[in-house]
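These are the residues of each chain, in order.
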Protein chains: 2
Amino acid sequence: MQRYFVAAESFGEHTVALEGEDAHHLARVMRMKPGDEIIVSDGEGREAVARLRALAPGRVEADILELRPVSGEPGWSVTVAQSLPKGDKMELVIQKGTEIGAAAFVPFQSERMVVQYDERKEGKRLERWRKIAKEAAEQAHRSVIPAVKPVLSWSGLVASLAQYDAAFFCYEKEGGSSGCGLRDALQAALAQAVDPSALKLLVVVGPEGGFTEREASEAQAAGAVTVGLGKRILRTETAAMVALACLMYESGEMGGK
Amino acid sequence: MQRYFVAAESFGEHTVALEGEDAHHLARVMRMKPGDEIIVSDGEGREAVARLRALAPGRVEADILELRPVSGEPGWSVTVAQSLPKGDKMELVIQKGTEIGAAAFVPFQSERMVVQYDERKEGKRLERWRKIAKEAAEQAHRSVIPAVKPVLSWSGLVASLAQYDAAFFCYEKEGGSSGCGLRDALQAALAQAVDPSALKLLVVVGPEGGFTEREASEAQAAGAVTVGLGKRILRTETAAMVALACLMYESGEMGGK
């Protein structure tokens, strides 16, 4: 069944309304008719099966048939903090990260960023990134749209580390990883966790130029654990996907628990 | 140190020669001079540190200083069989898969492919895919360039399944996975393995349109295990990356063994 996210205020007790691009997609692209059924979600965990009642240009109304239990969300909350990468790589990180199961994305600035950060463009970029998260969440059948946070400064990111049960700082040096493997770091975090089934984790990924030693020290001092993701050097946009996939695997999303 | 793959025949006992694009990259892009050192690899496991001796347009000669032990290769050999996806997604699968640690790629045809397979274009596409694998292997500091095999028919793919210790067939149905989780399937394969440190695995990923039930049955009859990669629906190009990352994680590439 086709899925759509709607604003929480469009989600009534018995009816739901879709507007704008969603209404267009439903009527023109999918060519749906009154009587057809869809799944609607408010992106914050409320999800329902609804039957189309009235399709007008720009607005579709549907009757809620039944509320559904939220099904597409992982047990662990994994936030991806990604230092701003070049070109459209942030879009790839957000699209793939949303599919794989990220809870949120935190873009941040760091010393060796290759891109020039431009505050004036931030509004437009955030808007675009959030659209990508919404579309990927629909496509992946998620019940929640991962939040894309405004760009943090390096010190802002460091100050946020304490919010998580564990923060994994991906840091590779020429000739091998300088920390322990992700799996060892995760086992240590699990051993200390109050509720291992609901870990709140952060994965911190550097820009193309990597992190400086000073940044690595500051992150460690703030409680982050330096981890490696294997013997190969991953591109910045690949690191987050790999870490996320491994964390989902370890959380029991693919069986084995 | 900058890394280059060279043809096995350019790799002498005491000297090594780089030609064409690599020579151009070295001299013009990296602006290297005689005396500078690089790492050269024949892409089949032979790797050396070499010092540049003579740089001429289109040809660079270097003296081999020392052979190095191969360092960038995972213990498990994981081949990715990917049904031909739309647009340039195969390129993404090859680039990211090479970084993460794939041993080889097998593009194949299946019933619900969205693209029209064109045999006449195969030569050019293979050439391009192999170039992407080479560049990604250099960038990721791998010692081996993953092979990109010619496009297989569906029956050709099915016939090849027996070559592997285990073949994982990624198959999702609306409303959840139809098989067991990847982790459970892997544990079963490990329990049967003669040498668990050197598994030879295949991951089979369908096209945008998914596999048909007939294809799923045929793959199972040929020994493949149907697996799910979590509760979310992954795009075709994401599935291979996720499966690969999880297999690398389980093989001990990120510690924990």
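Residues numbered from 1 in each chain as written. Chains lettered and ligands numbered in written order. Predicted model: local features only at pLDDT ≥ 70, side-chain atom pairs only at ≥ 80, totals over all residues.

Draft legend 1. Expanded view of the overall build of chain A. The number of helices and strands found in chain A is 7 helices and 14 strands. Taking 18 Å as the expected radius of gyration for a compact globule of 257 residues, we find that chain A reaches 20 Å, a close match to that expectation. Here chain A holds 257 residues, and the buried ones make up 44% of them. For chain A, contacts bridging at least 24 residues in sequence account for 76% of all contacts bridging at least 6. (Helix = DSSP H or I, 4+ residues; strand = E, 2+ residues; numbered from the N terminus. Rg over C-alpha atoms; globule rule 2.2 N^0.38 Å. Buried ≥ 20, exposed ≤ 12 C-beta atoms within 10 Å, placed from the backbone. Contact = placed C-beta atoms within 7 Å.)

Draft legend 2. Seen up close, the interface of chain A and chain B. Taken together, the contact pairs 35 residues of chain A with 35 residues of chain B. Looking at the side of chain A that touches chain B, the elements that each hand over two or more residues are α2 (89-100), β12 (180-181), α5 (182-192) and α7 (236-251) of chain A. No other element matches the 7 residues that α7(A) contributes to the side of chain A that touches chain B. In the side of chain A that touches chain B, the residues fall into 14 nonpolar, 12 polar and 9 charged. (Nonpolar A, V, L, I, M, F, W, Y, C, P; charged D, E, K, R; others polar.)

Draft legend 3. Representation of unusual backbone geometry within the structure. At A:Arg31, a position not held by glycine, the phi torsion is positive, near 50 degrees. Within the secondary structure, A:Arg31 sits in the loop between α1 (20-29) and β3 (37-41). Residue classification places A:Arg31 among the exposed positions, given that 8 C-beta atoms sit within 10 Å. For B:His141, which is not a glycine, the phi torsion comes out positive at approximately 60 degrees. B:His141 sits in the buried class, given 21 other C-beta atoms within 10 Å.

Draft legend 4. Main features of the relation of the copies chain A and chain B. When chain A is fitted to chain B, the best match, at an RMSD of 0.0 Å, comes from turning it 180 degrees and sliding it 0.0 Å along the axis. Expressed as an axis order, the relation between the two copies is that of a two-fold axis. Residue A:Cys246, judged by its C-alpha, is the member of chain A lying nearest the rotation axis, at 2.6 Å. Most of the interface of chain A is mirrored in chain B, where 100% of its interface residues are also at the interface. (Least-squares fit on C-alpha atoms with pLDDT ≥ 70 in both.)

Draft legend 5. Fine view of the domain arrangement of chain A. Residue and element names in this part refer to chain A. We note that the domain assignment places domain 1 (3-68) and domain 2 (77-251) within chain A. Domain 1 puts 8 residues into the contact, and the matching count from domain 2 is 7 residues. At 3 residues, strand β1 (residues 3-5) tops the list of elements feeding residues into the side of domain 1 that touches domain 2. Residue classes in the side of domain 1 that touches domain 2 are distributed as 2 nonpolar, 3 polar and 3 charged. (Domains from an automatic or database assignment.)

Draft legend 6. Looking closely at the packing of α2(A) against helix α3 (residues 122-139) of chain A. All names here are of chain A. Viewed as axis vectors pointing N to C, α2 and α3 meet at an angle of 30 degrees, and their least axial separation amounts to 8 Å. Between α2 and α3, the angle is such that the two are roughly parallel. The two elements α2 and α3 cross, and the hand of that crossing is right-handed. Contact residues: α2 offers Met-90, Glu-91, Ile-94, Gln-95, Thr-98 and Glu-99, while α3 offers Trp-129, Ile-132, Ala-133, Ala-136 and Ala-137. Residues of the contact of α2 with α3, tallied by class, amount to 7 nonpolar, 2 polar and 2 charged. (Axes fitted to C-alpha atoms, helices over the stretch in contact; angles between N-to-C directions. Parallel < 35°, antiparallel > 145°, perpendicular 65-115°, else oblique. Left-handed = near helix turned anticlockwise from the far one by under 90°.)

Draft legend 7. Inspection of the sheet that holds strand β6 (residues 77-83) of chain B at higher detail. Residue and element names in this part refer to chain B. The parallel open sheet is built from 7 strands, whose spatial order is β8-β7-β6-β13-β9-β14-β12. Strands with a single pairing partner mark the edges of an open sheet, and in this sheet they are β8 (147-148) and β12 (180-181). With 4 bridges joining them, strand β9 (residues 166-170) and strand β13 (residues 200-205) adopt parallel strand pairing. Bridged to Phe-169 within β13 is Val-204. The strands that helix α7 (residues 236-251) touches are β6, β9 and β13; relative to β13, the one it contacts most, it runs at about 160 degrees. (Pairing = 2+ DSSP bridges.)

Draft legend 8. Structural context of the sheet that holds strand β5 (residues 59-68) of chain B. Residues and elements named next belong to chain B. An order of β1-β3-β4-β5-β2 is seen for the 5 strands of this open sheet, with the pairing classed as mixed. Every interior strand has two partners, whereas the edge strands, β1 (3-5) and β2 (15-19), have only one. Neighbour-to-neighbour, the strand axes of this sheet turn through a mean angle of 40 degrees, independent of strand direction. On the sheet, helix α1 (residues 20-29) packs against β1, β2, β4 (47-56) and β5 and is oriented at approximately 95 degrees with respect to β2.

Draft legend 9. Geometry of the pairing of β9(B). All names here are of chain B. Within β9, 5 of the 5 residues are buried, leaving the element largely enclosed by the surrounding structure. Burial along β9 is two-sided: Ala-166, Phe-168 and Cys-170 facing one way and Ala-167 and Phe-169 facing the other are all buried. Of the pairings in the sheet, the one linking β9 to strand β14 (residues 225-228) comprises 3 bridges and is parallel in character. Looking at β14, one finds that Phe-168 is bridged to Val-225.

Draft legend 10. Highlighting the nonpolar core. Core analysis: the biggest nonpolar cluster contains 142 residues, and A:Phe168, A:Val203, B:Phe168 and B:Val203 have the highest contact counts within it. Non-local contacts of B:Val203, meaning those with residues more than four positions away in its chain, are made with B:Val78, B:Val80, B:Ala81, B:Phe168, B:Cys170, B:Ala240, B:Ala243 and B:Leu244. (Core = buried A, V, L, I, M, F, W, Y, C linked by C-beta atoms within 7 Å.)

Draft legend 11. Highlighting helix α3 (residues 122-139) of chain B. Residues and elements named next belong to chain B. Taking 1.5 Å per residue, 18 residues should reach 26 Å; α3 reaches 26 Å between its end C-alpha atoms and fits that length. Every buried residue of α3 is listed here: Ala-133, Lys-134, Ala-136, Ala-137 and Glu-138. Those residues of α3 that are buried lie in contact with β1, α2 (89-100) and β8. Phi for His-141, located one or two positions after α3, is positive at around 60 degrees. (Expected span 1.5 Å × (residues − 1).)

Draft legend 12. Region of interest: the environment of B:Val225. Residue and element names in this part refer to chain B. Tracing the chain through its elements places Val-225 in strand β14. Assessed through the 20 C-beta atoms surrounding it within 10 Å, Val-225 is described here as buried. The sequence separation of Val-225 and Phe-168 amounts to 57 residues, and the corresponding C-alpha distance is 5.0 Å.

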